[in-house]
Every structure is written in structure tokens, then in C-alpha cells.
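The residues making up each chain are set out below.
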Amino acid sequence: MAAGPWCLGTPVAPALLPLLLLLLLLLLGGARRLRRGRAGSRGCARGGRALLVTAHPDDEVMFFAPALLGLRSAGAAPAVLCCSAGNYYNQGEIRKKELEQSCCVLGIPASDVTVIDHRDLPDDPAVEWDTQLLATLVLKHIEAKNINLGLTENASSYVNETNFGPTSKEQPGPCWQPLGNVESLTVVLSWVVTFDAGGVSGHANHISLYTAVRYLHSEGKLPEGCRVLVLESVNLFRKYISFLDVLISCLLPRDALFILTEEETEQAKRAMRYHRSQLLWFRQLYLLFSRYLVVNSLRLL
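Not measured: the values here are computed from a predicted model.

Quick look at the overall build of the chain now. Regarding its fold elements, the chain presents 13 helices and seven strands. For the chain, the proportion of its 301 residues judged to be buried stands at 51%. Nonlocal contacts in the chain, meaning residues at least 24 apart in sequence, comprise 82% of its contacts between residues at least 6 apart. Just so you have it, the chain exposes about 14400 Å², and 58% of that area is on carbon and sulfur atoms.

Written out as C-alpha cells, the structure is:
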């Protein structure tokens, strides 16, 4: 049988190699350029609060470092609520200290880091946490930390007139339009950030957080002005292509996008290294290849 046009024995395939190489170089160059441009894309939001709700010590950096650093640079004063001590291997006390050290590197003081160590919220990938219990604890913390700023009459009018999301025709630039909205709205709103229904890794504890926060949101139990952002779970390919996912994330719909510069990614990796008890060989690989150390794409509930 004659060789088809895509067989390696024909001159067609070798001719494609330079084109594929050029495409790869363009992809690498575009992603790096977007990351360098990130440093000059920060807004000047004034005040506000943001609460990151995680399941275990190290979630804050393994999955949410871009959001934490981005919200902090936007003036949103992030705090962390970790809903277990990560005691699956009886290392709870060690991991609490590691969490504080990691958050310190990310610019979050120990006074803004809280760990819930409840016997009915065990660190266990096979256990779904009780929604009512978890929702009660999260809401209590939101109220205690004064996450809700309240809206003035003018501020409420401003929010009603603002198009939040990728469909607005007045938003600048395809990559930074959602981040621009986040930065402008943090002047008058506050944020709760957590996992989405996929939990990034499919961990039952992660998914339980989404279920509890979604319950608070759908039942109208969150204080007025609180908005909820959930971290997008992506497929396995995108999850492990590191900064190459920046271009993909910019092209796909989302409500908020945070991209770290190379320097900020190194900051996130320094934070992760304080979780010494968790730095097994496969997490070392995670630090090299995970897109969540570079980019966070989030959606509004």
C-alpha cells in the first residue's frame, strides 16, 4: 500500500517539524510575555477583605497561591481559614506550624490564619464532611473576621452598573478583563474563595468545602456584599503544563484570572517548601509542573 501523506516515510512529516517547533516557541514566548506583563497589570484597589477557605495545610499554596498574591496586591487583605489540621498521618500539630510559616512567606500574618481542628472534620480523602456543620463554622468565621464590608448607597449603585464576567463589552484586553473587574470591585465588595465542585484533585474534603459554601450562598446566609469565587478544576493535561496554561486560561471564559510572574512563582515555591512534612517526591514534581503555582482561573457562584 502506498504511504499516506502523514507517514514518516514521506517528505510531508519532516516538513511539519519546523512549523511545530515554531508553534511551540510562539507558545512559550507568549506565555512568558504574559507573565512578565502581569507585574504591570496590578490595580490599586483600596481596602476590603478576602477569605480563602481550604481543607488542609498546604492547600493555600499548592492550589491558591496566584489568587492569594493577586488579591493581596489588589488590597483585599486575604485571610486563610483551614478546615482541618491535616492529621491523616498524625502530623496535625506540625502541619499547623508549617501553615503559618507558609502564609508568612505569602504575606499573610499568623493572626489572619485560622485552623479548625474538629473531630467531625477529619483529613480523609474518603470522607465527605457534614455540610451543615461546615457551613455553620465557615459562616461564624466570616462574621467574626468581618469579611462583609457593607455597601453604601453609591457603592451599591456602582456594583449594579458593573458588568462582572467575560461578557462585558467595556472590559479591556482579553486576558486581563476579569482581573480588572476583581480589582475594581474589591473597593466595595468582599470575597470568599474556595474550591469548585471538582475540588481540583477530586479530594472529598475539597468538594465538601464547595458544597458548604454553595449552600451558604444559595440560601442567602452570607452577609450582604460577600461574593464567592471558586477555583476552576482543569483536566490532567492542563493541570501539569505549568506556565503554558497561561495562554489557554486567557482564551477561555472565566470570571477572574490571576497570573504570577516568575518571581512570584518562586515566592510561592518558597512558601511550599515550609510544608516540609509534605515534600515527598511526587510533590517535588508538582512544584515543577503544576499550573496552579502559576495561574488561577475562578468563577463566581
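What follows is about the pairing of strand 1 (residues 50–54). Of all five residues in strand 1, five are buried; the element is thus mostly enclosed. Alternating residues of strand 1 divide into Ala50, Leu52 and Thr54 and Leu51 and Val53, and every residue in both groups is buried. Bridge analysis of strand 1 against strand 2 (residues 78–82) gives five bridges, and the strand direction is parallel. Directly across from Val53, in strand 2, lies its bridge partner Leu81. Here strand 1 runs beside strand 4 (residues 190–195); their pairing, made up of three bridges, is parallel. Within strand 4, the residue paired with Leu52 across the bridge is Val193.

Non-glycine residue Ala77 carries a positive phi angle of around 45 degrees. Within the secondary structure layout, Ala77 lies in the loop between helix 3 (65–73) and strand 2. A positive phi is found at Ser242, a non-glycine position, where the angle reads about 50 degrees. Tracing the chain through its elements places Ser242 in the loop between helix 10 (236–239) and helix 11 (245–251).

This part is about the pattern of salt bridges. Going through the model one piece at a time under the given rule, you end up with nine salt bridges. Residue Glu232 is joined to Arg238 by a salt bridge in which the shortest nitrogen-to-oxygen separation is 4.0 Å. Accessibility assignment for this pair places Glu232 and Arg238 in one class, buried. With a shortest N-O distance of 3.9 Å, Glu266 and Lys269 are connected by a salt bridge. Of the two residues, Glu266 and Lys269 are both situated in helix 12 (residues 262–273); the distance of three residues between them amounts to about one turn of the helix. Classification of Glu266 by relative accessible area gives partly exposed; the value is 39%. Residue class for Lys269 comes out buried when judged on its relative accessible area of 14%. Where salt bridges share partners, they join Glu232, Arg238, Asp245 and Arg291 into one cluster.

Turning our attention to empty space enclosed by the protein. Taken as a whole, this structure holds one cavity of 30 Å³ or more when the rule is applied. When its volume is computed, the largest cavity comes out at roughly 30 Å³. Around the largest cavity, the lining residues are Ala50, Leu51, Leu52, Ala67, Leu68, Leu71, Pro78 and Val193. Considered class by class, the residues forming the lining of the largest cavity number eight nonpolar, no polar and no charged.

Relative to the elements of secondary structure, Gln101 occurs in helix 4 (residues 92–105). Distance in space between the C-alpha atoms of Gln101 and His275 is 8.3 Å, their sequence separation being 174 residues.

A word on the sheet that holds strand 2. Strand pairing in a sheet is mediated by backbone hydrogen bonds. Such pairs are either parallel or antiparallel. The sheet built from seven strands is open, its strands ordered 3-2-1-4-5-7-6 with mixed pairing. Each edge of the open sheet is held by one strand with a lone partner, namely strand 3 (113–115) and strand 6 (256–259). Strand-to-strand, the axes of this sheet are offset by a mean angle of 25 degrees, without reference to chain direction. Summarising the sheet, strand 4 and strand 5 (residues 226–231) pair through six bridges and their orientation is parallel. Of the residues in strand 5, the one forming a bridge with Phe195 is Leu231.

Thresholds, definitions, all that
- Residues numbered from 1 in each chain as written.
- Predicted model: local features only at pLDDT ≥ 70, side-chain atom pairs only at ≥ 80, totals over all residues.
- Heavy atoms only, no water.
- Helix = DSSP H or I, 4+ residues; strand = E, 2+ residues; numbered from the N terminus.
- Buried < 20%, exposed > 50% of the residue type's maximum accessible area, 1.4 Å probe, protein only.
- Contact = heavy atoms within 4.5 Å.
- Areas by Shrake-Rupley, 256 points an atom, 1.4 Å probe, with all protein chains shown as cover.
- Pairing = 2+ DSSP bridges.
- Salt bridge = Lys/Arg side-chain N within 4 Å of Asp/Glu carboxyl O.
- 1 Å grid on protein atoms, 1.4 Å probe; cavity = no way out; pocket = protein on both sides within 12 Å on 5 of 7 lines; lining within 4 Å.
- Points joined across faces, edges and corners; volume = space filled by probe spheres on them.
- Nonpolar A, V, L, I, M, F, W, Y, C, P; charged D, E, K, R; others polar.
- Axes fitted to C-alpha atoms, helices over the stretch in contact; angles between N-to-C directions.

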